[in-house]
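For reference, the chains in residue letters:
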4 protein chains.
Amino acid sequence: MNQDLMHRNPLRQKMYEVIFGTETPAGKRFDVILIYVIILSVFALMLDSVGGISSVFGFEIRLAEWIFTLIFTVEYAARIYCAPQPWRYIRSFYGIIDAIAVLPTYISFFFPGINYLLVIRLFRVLRIFRVLKLMRYLSEANLLMRSMSNARRKIFVFFSFVLIISMVFGSIMYVVEGPENEFTSIPRSIYWMIVTITTVGYGDIIPQTILGQIVASAAMLTGYSIIAVPTGILTAELSQEIQRERASAICNACQKSGHEMDASYCKYCGEKL
Amino acid sequence: MNQDLMHRNPLRQKMYEVIFGTETPAGKRFDVILIYVIILSVFALMLDSVGGISSVFGFEIRLAEWIFTLIFTVEYAARIYCAPQPWRYIRSFYGIIDAIAVLPTYISFFFPGINYLLVIRLFRVLRIFRVLKLMRYLSEANLLMRSMSNARRKIFVFFSFVLIISMVFGSIMYVVEGPENEFTSIPRSIYWMIVTITTVGYGDIIPQTILGQIVASAAMLTGYSIIAVPTGILTAELSQEIQRERASAICNACQKSGHEMDASYCKYCGEKL
Amino acid sequence: MNQDLMHRNPLRQKMYEVIFGTETPAGKRFDVILIYVIILSVFALMLDSVGGISSVFGFEIRLAEWIFTLIFTVEYAARIYCAPQPWRYIRSFYGIIDAIAVLPTYISFFFPGINYLLVIRLFRVLRIFRVLKLMRYLSEANLLMRSMSNARRKIFVFFSFVLIISMVFGSIMYVVEGPENEFTSIPRSIYWMIVTITTVGYGDIIPQTILGQIVASAAMLTGYSIIAVPTGILTAELSQEIQRERASAICNACQKSGHEMDASYCKYCGEKL
Amino acid sequence: MNQDLMHRNPLRQKMYEVIFGTETPAGKRFDVILIYVIILSVFALMLDSVGGISSVFGFEIRLAEWIFTLIFTVEYAARIYCAPQPWRYIRSFYGIIDAIAVLPTYISFFFPGINYLLVIRLFRVLRIFRVLKLMRYLSEANLLMRSMSNARRKIFVFFSFVLIISMVFGSIMYVVEGPENEFTSIPRSIYWMIVTITTVGYGDIIPQTILGQIVASAAMLTGYSIIAVPTGILTAELSQEIQRERASAICNACQKSGHEMDASYCKYCGEKL
């Protein structure tokens, strides 16, 4: 019904195809340009946060800020106008992000004192996730996503396991090292354990006692060993996906590859697959 | 025999199914609730160890401590009551952990001076391993466990090898750097070597001489290379397990996949698998 | 045409085979000797940069510098002389590197004051990439290159994803920790995030607040998890390559392996593969 | 010839089987006991290097030192006595290690002033490699060794590549950061690059300039990406080895596994494999 109504207004239908779609050349071009504008706006935000630059180029950055806000406002309005179900878009993940990207600048204009909006403005960086939307059209990204999605539950089980180990080792280290050696509380010991087990190793919290160093060595070797688990899971899944993609695509008659997974006949020689 | 006796007391049998079993809905719900209570009690322990919180909310934390102890005491008593072989439960790994989770609070009540019981109380965190018991019912965890169990001996051989390399490199570094550069003893050099080979790299012990830095570089590249071994072992095992699970599920007649591992006939064409 | 002309001048043709080619024994020997000279010259550059050595052996190093420059000049001239299309060589990647390797020494002779040429001289180190050219003749290097080339696009997609995550987490940490805790700007926060997500963990920038440590822990576990992705991609590709190389080499009749990939008949029993 | 002579002296032959061989129960027991003695002697060496322990238990450690030296001397003499070709044993890798394990103690007895022998004594730790000799009889170690041996050349190619990258990046960082920021020489920059690319990250040398941090980020992401290569190589090899071991071992008739690779008939049902 709603879609039928759309078909009667060619402008909105055309805009919808360009702004939301990525199938048409114009739709793809729109998305690519939008990504560049988003990246530029994020770049401006970053420069603004660098002390030396923001004090010298304060005016230019504020100007860029307003230009980007206007562009995003027009884009936001256009999206609402041409969306088949405007409310659904407004309440969607991207709809909220798009609103957050423009609102802080306006609010800071009407209520100049509210400084913490500077912080909310930073959420504009989340718009960069739109890049991911475009990536969907790369078959490589699709393959990766499918493998990660398959591995989802296994990796969740694995992380629960890592957290349990971190809690147990963290508590042991709190007992062994104690508050006099930087292990001032159990949460802090768990933080140390995560820093150690992931092999990041900042060196801000370090075991000082000999027993603590032995426990830490055991923790490191454990981390070194279980670092293999997510790799193993993902590699197995990726291998499966790549193998499936290729194995399904070799014709017994002409040995040509590149068939779709659901094909029943070779598209080069007509032989039954 | 013992089991036959059980069947005559429906209450104990019912309790056994709920408390020890996880097959019935009630048994699963009991375990899930228990896990939440354990996580809450561990959370209280953690807050207690944070200086700022324990001094302000001392009373609330001690109250929570007693409530959790009472809950665990009731649970412990119920487990002993309904276990088919109570002594076997009491002396089992979980039985001992369950006792350790409640005893320190009572002892500290009767003998208030014994402060080091605070430390033993921390072993309550081991109760969190009960989560693993629940995980057994996730097929993902099963697959991971089976792969790890298959890789068990290979990883043990590998760790012996890592320890030997750490001892040899550690001794060499003790000779090269010597006590004047933080390498005060061979055990400490081995600790440094484990920190380095696992790529944790705290930076508390650092080679200062040029020869030491060359040896350290060799050690790092060795670590970088052998980090591959556990990954390789586990990936190979996981691949095998996943492949076996899926390969066993391809019908020779219709080439369709997705059969259960224990299926004898293809569910799509009825052909014997 | 050009090549026909070459065939008429046997000296240039012979020189071309020796200097550019690696198929003939003389051509291979030339390349191996050249690699050793390049490595020696890079070694001299390195010693020159070490304060203690350059002040004591200043004359010897400058002498070596001139000897290597002369050798490389003769080689450069010979390459231009015998190349079938001299301009194409001069403008190629290796041609530019070869010129950069000799020019700075001459310029510093005629214009002694230009010290920053010392820096350009360092680009001579890029000549070491010639080693890679020789590696092409190792089948192992070929296999690795082919796998990496296959994985190229997937790894590019992955790095875009890592950069997006780094930007988002970096901005969050800038908000959470703020300039008072070393996170003085967003670019610096992103630098911290890359140091953390790659598990390098220098420890020069460290989260100080509890919320910051929680976010950092999440970032570390994310890094620990996605470290698996490039491994998974490459392993799957390498497995494919190795499998293809070997699978293509099993005879259906005698089950023997070790056939070349382009073989049409089994070399042990003559059966068609 | 030499072996024929051996057969005529039953004592030497028997000793040879026990000391050098591992096939007989006595031979295996001898090796296991020897490994324990070696580990104990290494443990004594380690304790000797710990300041606090060596000053208090100086006498006990020196006594243990002499007891271990006597045991190893007897073993060394027995090995020479029963070896079929004594000179070959003496000049072999293990023969030299065995001599180094006993000589320093005697020399320090006759020439008490030579303190640096303490250092040579540390090479006794190399005797621990005998553990590896015993490991050969674990099929897991064999599988790992075979895979690593297959991957040998690929990993060598890979390390050459890592070293070239380290030299190029190290030189760039020397130019970018310069001696005023701890990058005092190119070798030191290369050391920093190895610490970074292997994700160890001590934090003793840290890029201070913004350009340096950008180059360092690129280096880290490179390291993060190429950490995959050895893993990929080894995983592919291990997969092959495990697959070969198992695939070759399933009988089509009775579905039983565990056949040797060179078997032509199933050892359970006699069916041709």
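Residues numbered from 1 in each chain as written. Chains lettered and ligands numbered in written order. Predicted model: local features only at pLDDT ≥ 70, side-chain atom pairs only at ≥ 80, totals over all residues. Heavy atoms only, no water.

Observations regarding the overall build of chain A
Spelled out, the test is: Numbering of helices and strands starts at the N terminus; helices are DSSP runs of H or I of at least 4 residues and strands are runs of E of at least 2. Only protein chains enter the area calculation, which uses a 1.4 Å probe; residues under 20% of their type maximum are buried, those over 50% are exposed, and those in between are partly exposed. By definition, residues are in contact when any of their heavy atoms lie within 4.5 Å. Here, Shrake-Rupley sampling with a 1.4 Å probe gives the accessible areas, and only protein chains in the shown set may cover a residue.
In terms of helices and strands, chain A carries 13 helices and 0 strands. Shown N-terminal to C-terminal, the secondary structure of chain A runs as helices and strands in the order α-α-α-α-α-α-α-α-α-α-α-α-α. The buried share of chain A, reckoned over its 273 residues, is 49%. Across chain A, every contact between residues at least 6 apart in sequence was considered, and the portion connecting residues at least 24 apart equals 55%. Surface accessibility of chain A: about 13,600 Å² in total, with carbon and sulfur atoms responsible for 66%.

Things to note about the relation of the copies chain B and chain A
To be explicit about the condition: Here the copies are matched by least squares. The fit uses the C-alpha atoms of residues with pLDDT of at least 70 in both.
When chain B is fitted to chain A, the best match, at an RMSD of 0.1 Å, comes from turning it 90° and sliding it 0.0 Å along the axis. Taken together, the rotation and translation describe the operation of a four-fold axis. Little of the interface of chain B is mirrored in chain A, where only 15% of its interface residues are also at the interface.

Regarding the relation of the copies chain C and chain A
With an RMSD of 0.1 Å, chain C superimposes on chain A once it is rotated by 90° and translated 0.0 Å along the axis. Take the interface residues of chain C: only 16% of them recur as interface residues in chain A, which is what a contact between different surfaces looks like.

As for the interface of chain C and chain A
Just so we agree on the cut-off: Buried area: the accessible area, evaluated with a 1.4 Å probe, that two parts lose upon being put together, summed over both parts. A carboxyl oxygen of Asp or Glu within 4 Å of a side-chain nitrogen of Lys or Arg is what we treat as a salt bridge. In protein, a polar contact requires one atom able to donate a hydrogen and another able to accept it; more generally it is a pair of N or O atoms within 3.5 Å, and residues adjacent in sequence count only if both atoms are side-chain atoms. Residue type decides the class: Asp, Glu, Lys and Arg count as charged, Ala, Val, Leu, Ile, Met, Phe, Trp, Tyr, Cys and Pro as nonpolar, and the leftover types, Gly among them, as polar.
Opposite the 43 residues of chain C that make contact, chain A presents 47 residues. Carbon and sulfur atoms make up 76% of the area that chain C and chain A hide from each other, which totals about 4,100 Å². At the surface where chain C touches chain A, the tally comes to 0 salt bridges. Counting across the interface, chain C meets chain A through 4 residue pairs in polar contact (both at pLDDT 80 or more). Broken down by secondary-structure element, the contributors of at least two residues to the side of chain C that touches chain A are α10 (139–177), α11 (186–197), α12 (210–226) and α13 (228–247) of chain C. Residues belonging to the side of chain C that touches chain A are distributed by class as follows: 23 nonpolar, 16 polar and 4 charged.

Let's talk about the environment of D:S225
Relative to the helices and strands, D:S225 resides in helix α12 (residues 210–226). Placed 11 residues apart in sequence, D:S225 and D:I214 show a C-alpha to C-alpha distance of 17 Å. When near neighbours in sequence (up to four residues on either side) are disregarded, D:S225 contacts C:I155, C:F159 and C:P230.

Observations regarding the interface of chain B and chain A
The interface of chain B with chain A comprises 47 residues on the first partner and 43 residues on the second. One can count 0 salt bridges joining chain B with chain A. The tally of links between chain B and chain A comes to 4 residue pairs in polar contact (both at pLDDT 80 or more). Listing elements by their share of the side of chain B that touches chain A, those giving two or more residues are α3 (25–49), α9 (130–135), α10 (139–177), α11 (186–197), α12 (210–226) and α13 (228–247) of chain B.

A look at the side chain of C:S185
Mapping C:S185 onto the fold places it in the loop between α10 and α11. Residues within four places of C:S185 in sequence aside, it is in contact with A:S49, A:V50 and C:Y174.

Section: the packing of helix α3 (residues 25–49) of chain D against helix α5 (residues 58–82) of chain D
All names here are of chain D. Defined as follows: Angular values range over 0 to 180 degrees, each being the angle between N-to-C directions of two axes fitted as lines to C-alpha atoms, with helices fitted over their stretch in contact. Two helices crossing with the near one rotated counterclockwise from the far one by less than a right angle form a left-handed crossing, whereas a clockwise rotation gives a right-handed crossing.
For the pair α3 and α5, interaxial distance at closest approach is 10 Å and the crossing angle is 145°. Along this stretch, α3 crosses α5, giving a crossing that reads as left-handed. Here F30, L34, V37, I38, L40, S41, A44, L47 and D48 of α3 lie close against α5, whose contacting residues are I61, F68, I71, F72, E75 and R79. A per-class count over the contact of α3 with α5 returns 11 nonpolar, 1 polar and 3 charged.

Let's talk about the side chain of D:Q213
Counting through the fold element by element, D:Q213 comes out in helix α12. Within the structure, D:Q213 has its side chain in polar contact with the backbone oxygen of D:P207 (distance 3.4 Å). For D:Q213, the residues in contact, after removing those within four places along its chain, are C:R188, C:Y191, D:E177, D:P207 and D:Q208.

Focus on the packing of aromatic side chains
Applicable threshold: To pair, rings of Phe, Tyr and Trp, with the six-membered ring standing in for Trp, must have centres within 6.5 Å; the planes then decide the type, stacked if under 30 degrees apart, edge-to-face if over 60, and tilted in the middle. A ring is considered to have a charge above it if a Lys NZ or an Arg CZ atom is located within 6 Å of its centre and within 35 degrees of its normal.
Using the criterion set out here, one finds 32 aromatic pairs over all chains in the structure. Through a chain of ring-to-ring contacts, three or more aromatic side chains come together here, namely A:Y16, A:F20, A:Y76 and A:Y89. Directly above the aromatic system of A:F20 lies the positively charged group of A:R79, at a separation of 5.1 Å from the ring centroid. Taking NZ or CZ as reference, D:R12 lies 5.5 Å from the ring centre of D:Y81, over its face.

Looking at the pattern of salt bridges
Per the counting criterion, the structure on display carries 12 salt bridges over all chains. Note that D:E75 is salt-bridged to D:R79, the shortest N-O span being 2.6 Å. Taken together, the residues span about one helical turn, with D:E75 and D:R79 both in helix α5 at a distance of 4 residues. Of the two residues examined, D:E75 and D:R79, each falls in the buried class. Residue D:R188 pairs with D:E182 through a salt bridge whose shortest N-O separation is 3.2 Å. With relative accessibility at 39%, the residue D:E182 sits in the partly exposed group. Through salt bridges with shared partners, a single network forms among A:E75, A:R79 and A:D98.

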